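Examination of the molecular architecture
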Amino acid sequence: MRLLTHNMLASNARGAVTGYPLKLQVVKWSTKEVEPNADFLRGILPKLDWPALVAATHALGLPELLPETPPTDAELSAEGAAEEEGGPLRRLHRALLEIHIEEGTLVCPDTERCFPISRGVPNMLLHEDEVRN
């Protein structure tokens, strides 16, 4: 599961008010290199919950990966931004698209309901008695 996916998931369990952002408990993660796509990153940035993304990188033990505030469009659009190792675009790219959670748990902030992540796939299925009416 990529951190991009984590940023979009919410719990729909009974008793959940917002069910977002899900707390991330990581057991195992890996990095899978992908070619940077600056246009995609600029387009997805306004849709992200930046504090939730930063919290996810902290849960991974990578607090230095992202700053507390999102990069500006100018930083992401700068000449050579995709090639600059350690630059804002490359760090955002790494956080969203190259880090994969292999094993762990997503925890609903409202109900503490745990959703397992196994082999990179989060299981968000609810038991019948947990579904909202």
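Preceding block: the structure.
Note that the coordinates shown come from a computational prediction; the quantities given were computed from them, not determined experimentally.

Concerning the overall build of the chain
Looking only at helices and strands, one finds five helices and four strands in the chain. Ordered by position from the N terminus, the helices and strands of the chain form the series α-β-α-α-α-α-β-β-β. Whereas a compact globule of 133 residues would reach a radius of gyration of roughly 14 Å, the chain reaches 16 Å, a difference of no more than 12%. Based on the C-alpha atoms only, the size of the chain along its principal axes is roughly 55 × 25 × 20 Å. Residues counted as buried form 39% of the 133 residues belonging to the chain. Residue pairs at least 24 apart in sequence account for 68% of intrachain contacts in the chain once pairs closer than 6 positions are excluded. Summed over all atoms, the accessible surface of the chain reaches about 7400 Å², with 52% contributed by carbon and sulfur. Distance from the positive charge centre (13 side chains) to the negative charge centre (20 side chains) of the chain: 6 Å.

Here we look at the environment of Leu-9
Considering the arrangement of structural elements, one finds Leu-9 in the loop between helix 1 (3-8) and strand 1 (23-31). Between the C-alpha atom of Leu-9 and that of Pro-88, which follows or precedes it by 79 residues, the distance is 24 Å. Sequence-distant contacts of Leu-9, defined by excluding residues within four places in its chain, comprise Met-1, Tyr-20, Leu-22, Leu-106, Pro-122 and Met-124.

Rules used throughout
- Residues numbered from 1 in each chain as written.
- Predicted model: local features only at pLDDT ≥ 70, side-chain atom pairs only at ≥ 80, totals over all residues.
- Heavy atoms only, no water.
- Helix = DSSP H or I, 4+ residues; strand = E, 2+ residues; numbered from the N terminus.
- Rg over C-alpha atoms; globule rule 2.2 N^0.38 Å.
- Buried < 20%, exposed > 50% of the residue type's maximum accessible area, 1.4 Å probe, protein only.
- Contact = heavy atoms within 4.5 Å.
- Areas by Shrake-Rupley, 256 points an atom, 1.4 Å probe, with all protein chains shown as cover.
- Lys, Arg positive; Asp, Glu negative; His and termini not counted.
- Charge placed at Lys NZ, Arg CZ, Asp CG, Glu CD.

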